[in-house]
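Each chain, written out:
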Amino acid sequence: MGITDGNKKVMDRHVYAAGQVIFREGKPGSAAFVVQEGRVEIYKTMNGDEEVILGRIEAGGLFGELALVDNEPRMASARACERTVLIAINRQMFEKKMAASDRFIKAVLRILLNNYRTVVRRAAVAEAKLKEHGITLD
C-alpha cells in the first residue's frame, strides 16, 4: 500500500498488529514514520533483557527520524501498542528534502541530534539503575 504523486510512489503505508516490532535498537534505519492511526512505544533494552520505555507516539507523531539525519544505527526499538498504521518517509525522500536545506541548518541539526542521543542513552541508564532500587519514574 502506498501514497502516490501521479504515477510515482512517494510514501509507503504499513499496518502493524498490537505488539509487533517496527524496528530494533542497533539496526540501520532506512525510514522515519508518521503514526496515522494507533500508538507506538519506543523502548531501550538494558542489561540484556530489561526494557526501559522512552516514550509513546500517538497519531500524528513522528519517530525514527534520527537514523535518517545522522546515519547512525537505531538508538531504540519501536513496537505497535495496538493495531497501528504508519506512513514511512524513506531515506531517498528525506535526503532530497535535506539537500535543498541550508548547510548551516543541516550541521546544527546533526549536532543537536548527537546531543539528544547522548542524553537519551544516559537517561535510560539512570532509569534502569533507579529500577534496580525499586524506584520508578511513571
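Reading the values: the criteria
- Residues numbered from 1 in each chain as written.
- Predicted model: local features only at pLDDT ≥ 70, side-chain atom pairs only at ≥ 80, totals over all residues.
- Heavy atoms only, no water.
- Helix = DSSP H or I, 4+ residues; strand = E, 2+ residues; numbered from the N terminus.
- Buried < 20%, exposed > 50% of the residue type's maximum accessible area, 1.4 Å probe, protein only.
- Pairing = 2+ DSSP bridges.
- Expected span 1.5 Å × (residues − 1).
- Contact = heavy atoms within 4.5 Å.
- Polar contact = N/O pair within 3.5 Å; in protein donor to acceptor, adjacent residues only side chain to side chain.

Chemist: What should I look at first to understand the overall build of the protein chain in this one?
Modeler: On a plain count of helices and strands, the protein chain comes out with three helices and nine strands. Listed N to C, the secondary structure of the protein chain is β-β-β-β-β-β-β-α-β-β-α-α in terms of helices and strands. Expressed along its principal axes, the backbone C-alpha trace of the protein chain runs to roughly 55 × 40 × 20 Å. Counting every position in the protein chain, which comprises 138 residues, the buried fraction comes to 34%.

Chemist: Quick question: what am I supposed to make of the pairing of strand 9 (residues 84-90) here?
Modeler: Most of strand 9 is tucked away: six of the seven residues are buried. When strand 4 (residues 31-37) meets strand 9, the two strands line up antiparallel, connected through six bridges. Its bridge partner being in strand 9, alanine 31 is matched across the sheet by asparagine 90.

Chemist: Please clarify how helix 3 (residues 103-132) should be interpreted in this entry.
Modeler: An α-helical turn contains 3.6 residues, so any two residues separated by three or four positions project in the same direction. Its 30 residues place the ends of helix 3 44 Å apart at the C-alpha level, agreeing with the 44 Å of an ideal helix rising 1.5 Å per residue. The complete set of buried residues in helix 3 reads Lys106, Leu113, Arg117, Val120, Ala124, Glu127 and Ala128. Contact partners of the buried residues in helix 3: strand 5 (39-46), strand 6 (50-58), helix 1 (66-70) and helix 2 (91-99). Between the side-chain oxygen of the N-cap and the backbone nitrogen of phenylalanine 104 there are 2.8 Å, and the N-cap of helix 3 in question is aspartate 102. Remark: glycine 134 follows helix 3 within two positions and exhibits a positive phi of approximately 80°.

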